[in-house]
Every structure is written in structure tokens, then in C-alpha cells.
Amino acid sequence: MGLRTAEEYKNGLRDGREVWIEGEKVEDITSHPKMKVGVETSAIDYEMAENPKFRDLAVAIHPETGEPISRHYYISQNAEDLIKRHDLIVEATRQGDGIIPFTKDVAGDSLNAVLITCRSMGNEVYIDRINRFYNHVRNNDLSVACAMTDVKGDRSLHPSSPDQEHPDYYVHVVDKNDKGIIVRGAKGHITCAAYCDEILVLPCRAMREEDTDYALSFAIPVNTKGLRQIVRPYRYHQGPLEFPNDRPIRSQTESWIIFHDVFVPWERVFLCGEWQYAGAMAYNFSYSHRHTASCYRLAMTEVQLGLAIAIAEYNGIDKISHIREKITDMIIYIEMLNSLSRASCLEPIIREGVALPNYIISNLAKYHFAKNYHEFVKNVEDLCGGIFITTPTYKDYQVPELKEDIDKYLSGIKGTSALDRLKIIQGLKTTINADDEVLALHAEGSLQAERMTIYGEYQKRLQELKRNAEKIVGID
Ligand SMILES: Cc1cc2nc3c(=O)[nH]c(=O)nc-3n(C[C@H](O)[C@H](O)[C@H](O)COP(=O)(O)OP(=O)(O)OC[C@H]3O[C@@H](n4cnc5c(N)ncnc54)[C@H](O)[C@@H]3O)c2cc1C
């Protein structure tokens, strides 16, 4: 079939999937006022492949067939391939005014994780199945959500622990027959799941032998019977209090996915009981996905820095030394992220024929941006002043006598208008909020998850350093 247009992607989503938002069952995800923003944002990846300006970046050549395919489904072989992928994600997020299209980015990360794990197991049946599924996604230019995070219940307990309130906090097998498996459980916070073609399920942690039924990876179409999604509310429209803006609203949303005894045919099962490989699959995903995160965060914070500089200029404080210090801190944040993100591509790790961003460096990039994001935001809020939260609304501005007051008293330096100043603040408020702060902290894994990876991956180097230090002090 080959590359799809954005329209073809949208048409594919009208398939009877069960999606709920704010207590309402969604009939057509592509036209529903509360859902279509996510669809349109994800469609950017398809639009870029059609746009001559971005085609070289968004499209790669299938190494075997010579057909054009999405770059997200080209398996990176070296640093150059990884850098192109880095550039693609950054540019796509810029096209989304700071919001990543996501559906194909996460698809590549999760497909590669399953492929690498199956290859490292040496299980020919699984290798054949994931190859077929990968080709299905690639050849039909599909979008895929990755459902890894289980709802977990008591986090201190293992999935199968009898002390858990019930056995379904982690997705698991409840029955098997000659055609496939039946699965039950729930996954949480799954980005884009409501407007993808397929959901690829991965285990979210290392398992023990008693967790065999929970060591599970499979893929199913989003309209599979028994699969229910509850989508969180999110900014999908311009409210009456907001100053009008003609640019399309960009946003992504997350789903709670409940698997009500869902049937999965064997050809779509990539891990079923091999508990020793559950942790490896989760890690293989995180290595690549944390790099994806550093790319979109880079483009996202560029928008925030741009708005921060604009408000500093409008307020006449841009040349004041402590403001310059704060802007310099923001530049350092962004350029540190850019450097780490690119460096992780330039020192790739080749696993089972797939080039992955360097594990330690990509985790450093994610850790840097998550740990320091609140400081970045603090600087923006500081230089904005209290107006960040006390702005009059567009409704006030529509009353002539109030408009007169607002225009007179809420402008900044000579030649700037109050309206433009309020629009900049509004732009900052839509991008800097609690949702985004939590996204930075938890999406792609908590701070602790990154620290664990960095520490774990550093063990060999620690031993080398220790041996060298021992030599220095004369210990044989
Ligand atoms: C906006 C957003 C988008 C996301 N998109 C996706 C997605 O597309 N796909 C997907 O699979 N996931 C997604 N996630 C989930 C994300 O990976 C998780 O939020 C993250 O792994 C943390 O898990 P949690 O939210 O369940 O928090 P918790 O597990 O409750 O973590 C809270 C705190 O408890 C600590 N903690 C938890 N368990 C333990 C333990 N056993 N030992 C020690 N400390 C522990 C954590 O380190 C953290 O500090 C998304 C999350 C967000 C916020």
C-alpha cells in the first residue's frame, strides 16, 4: 500500500472503536469536537511526508523493496540514521507549535524494542511474528500507540502477589486456546491511543517466575472487541475567555485502556510467559523512547523561550542583568538538552541489528530536562510578573469601555499593544501548566527510572575506574 495521506490516516480511524471522553461515548473520533484536535496533531507526521519541503526528512527508502516508507519505520543502522530521526522529531514538533505528533515516533520505539528482544531470545516464532507485524505497520503506514504502563495497584508488590487487592492490575493472560490468548487488565496514561490504528502492548517491569502470566507483549487493532478507552479531558477548543487565535490548537491526550477479556490471535503475540525477558523489553523501549522525549522537549521549550523573550522585551526588562541571567539559564537548559540528545545519536549502541541512542546519554538527556524543567518554568514565570495569572479575559476586552482601560494600562514599552502582550501571556499559559510539568516528570519514566538506568548501565565503567584507581594507589 505504501505511504498514506493525512486524509487516509483519518479515514482509517472511523472503525467502531470504543472511546469515551467526559462520560460521553465518541461516535467518530475524527469529527468529535473534543477528540479531533489530537487527530489533527498526529496527522502532522502524514502531512510532512506529503510536503516537498519536509519529504527528505520524513520519508526513507525501504532497504529491501526500494519503496518510500515513513522514516519512523526505517530501522536505524548507524549514527547518521539516528541524527535524521532526531531532526525529524524536532522538526515535526516545531510544525506542531511545540506539540509532538507522536503516533509514529512511539511506534518506532516500541516496534524496535519488541524486535530487539525477540531477536535476543533467539525465538524464531516470535521473530517471524514481529517481522510480519513490523512490515504490516510499515507497508500500510499505520500509527501505533505503545501501552506499557500498567495501573499497578500496590506498587511495592509484584503483579502476581496474592497481597494485591485483585490479580488484574497488570495486563495478563487469563485463557489460551489453539487460536490465541485472552487477556485482562488495564494500562494507564497511553498517549494517542484513541486515534491510532494499533496498540502495541509491552510489559512495564521485570518479572519473576510466579509472574509468568504477566510477561506479555502483543498487538491489536484499536477497534478490537472488549477494548475500552477512557480519555482524559484536555484543551481541545478555544474558550470564550481566550483571545482569538487563528492557528489550529495542537494537543495530545492520554487514555486509560481497559482490556475486558480481549482475544489476541497467536500471530499477534510476541511474548507470552517468558518472564526472564519482560524487563529487557521494557528497557529496550525506554532506551529509544527517552531519546524521542528529549527531541520533542527541545522544540517545546524553544517555543517557551521565544515567548519569554518577547514578554521581557514588551515589559522593557530584557536588558536588565538578572533577567539576562535568567534567559541565559534557559538557553543553557535548551542547549544542554540539544547537545545530550544529539550526542546520544552520535555514540549509538547497536543491538540485534538496530542502532539505538546511547543508553546513558539518552537517559542523561531525559533526566536533565525532567529534573530542571521546574526551574526553567520558574524563570519564565518570574520574568512575566504576576500578570501570568491575573490577566483580564477576552470577554472583558470586548466591552468598549474596559477595552479602552486595558489598551491604556496593560501595554508595555512604547509601541507595544496591550492586546499583543496579553496574547503572549496566553501563549505561555497554554504551554506552561501542571499537565506539562507532570508530563516532564513522569512520561517516559520517572526520575528514579532514569537514575536506575544510568547507574545500571555504568557498572562496567565503574569497575574499570575502580581498577584504575587501585593501580594508582599501588594495589595489585
Ligand atoms: C502525559 C503522560 C503521557 C504518558 N504516555 C505514556 C504512553 O504513551 N505509554 C505508556 O506506556 N506510558 C505512558 N505514560 C506513563 C509513564 O511512563 C508513567 O507515568 C511513569 O512510568 C510513572 O508511572 P506512574 O504514573 O504509574 O507513577 P507511579 O508508578 O505511581 O510512580 C510515582 C512515584 O513512585 C515511584 N515508584 C513507583 N513504584 C515504585 C517501586 N516499585 N519502587 C520504587 N519507587 C516506585 C516512582 O519512581 C515515582 O517517584 C505517560 C505518562 C504521562 C504523565
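Summarised in this report is the structure supplied together with it. (Residues numbered from 1 in each chain as written. Predicted model: local features only at pLDDT ≥ 70, side-chain atom pairs only at ≥ 80, totals over all residues. Heavy atoms only, no water.)

## Quick notes on the pairing of strand β6 (residues 172–176)
1) Next: The pairing of β6 with strand β7 (residues 180–191) spans 4 bridges and is classified as antiparallel. Bridging from a neighbouring strand, D175 pairs with I182 of β7.
2) Next: What sits between the antiparallel neighbours β6 and β7 is a turn of 3 residues. (Pairing = 2+ DSSP bridges. Helix = DSSP H or I, 4+ residues; strand = E, 2+ residues; numbered from the N terminus.)

## As for the pairing of strand β10 (residues 227–231)
Residues in a regular strand point their side chains to alternate faces of the sheet.
1) Next: Only one face of β10 is covered, namely the face carrying L227, Q229 and V231; the face carrying R228 and I230 is uncovered.
2) Next: Examined bridge by bridge, β10 and strand β11 (residues 254–265) share 5 bridges and lie antiparallel to one another. Pairing of V231 across the sheet is with S255, part of β11. (Buried < 20%, exposed > 50% of the residue type's maximum accessible area, 1.4 Å probe, protein only.)

## Quick notes on the pattern of salt bridges
1) Next: Summed over the entire model, instances satisfying the criterion amount to 31 salt bridges.
2) Next: We note a salt bridge from D436 to R297, for which the minimum N-O separation is 3.4 Å. Within this pair, whereas D436 is found in helix α15 (residues 434–442), its partner R297 is found in helix α8 (residues 278–314), the two being separated by 139 residues in sequence. Exposure class is identical for D436 and R297. Each is buried.
3) Next: A salt bridge links E444 to K366; the shortest N-O distance between them is 3.9 Å. Note that E444 is positioned in the loop between α15 and α16 (447–457) and K366 in helix α10 (residues 359–384), a separation of 78 residues in sequence.
4) Next: Overall, E444 belongs to the buried group, its relative accessible area being 13%.
5) Next: With a relative accessible area of 0%, K366 lands in the buried category.
6) Next: Among the charged side chains, a salt-bridge network with shared partners connects R290, K366, E444 and E450. (Salt bridge = Lys/Arg side-chain N within 4 Å of Asp/Glu carboxyl O.)

## Side note on the site of the ligand
1) Next: The full set close to the ligand counts 17 residues, and M148, T149, K152, R155 and T191 are the nearest of them.
2) Next: Here a nitrogen atom of the ligand sits 2.9 Å away from a polar atom, N or O, in the main chain of C146.
3) Next: A distance of 2.8 Å separates an oxygen atom of the ligand from a polar atom in the side chain of K152.
4) Next: Relative to its free-state accessible area of 950 Å², the ligand is covered by the protein chains to the extent of 66%.
5) Next: Those elements that place two or more of their residues in the shell around the ligand are β5 (144–147), β7 and α15.
6) Next: Sorting elements by how many residues they give to the shell around the ligand places β7 first, with 3 residues. (Near = heavy atom within 4 Å. Polar contact = N/O pair within 3.5 Å; in protein donor to acceptor, adjacent residues only side chain to side chain. Areas by Shrake-Rupley, 256 points an atom, 1.4 Å probe, with all protein chains shown as cover.)

## Focus: the packing of aromatic side chains
1) Next: Inspection of every chain in the model, using the stated rule, returns 10 aromatic pairs.
2) Next: Taking 6.2 Å as the distance between ring centres and 15° as the angle between the ring planes, the aromatic pair formed by Y373 and F376 counts as stacked. On the criterion of helical spacing, the pair formed by Y373 and F376 is a turn pair, its members being 3 residues apart in helix α10.
3) Next: Put simply, the rings of F243, Y394 and Y397 pair up and form one aromatic cluster.
4) Next: K104 extends its terminal NZ or CZ atom over the ring of Y46, reaching a point 3.9 Å from the ring centre.
5) Next: Between R297 and the ring centre of Y373, over which it is positioned, the NZ or CZ distance is 4.7 Å. (Phe/Tyr/Trp six-rings, centres within 6.5 Å; stacked < 30°, edge-to-face > 60°. Lys NZ or Arg CZ within 6 Å of the ring centre and 35° of its normal.)

## A short note on unusual backbone geometry
1) Next: Backbone geometry at K152 places phi at a positive 75°, although glycine is not the residue there.
2) Next: Along the chain, the position of K152 falls in the loop between β5 and β6.
3) Next: With phi around 60°, H189 is a residue other than glycine that occupies positive phi space.
4) Next: Position of H189 relative to the elements: it lies in strand β7.

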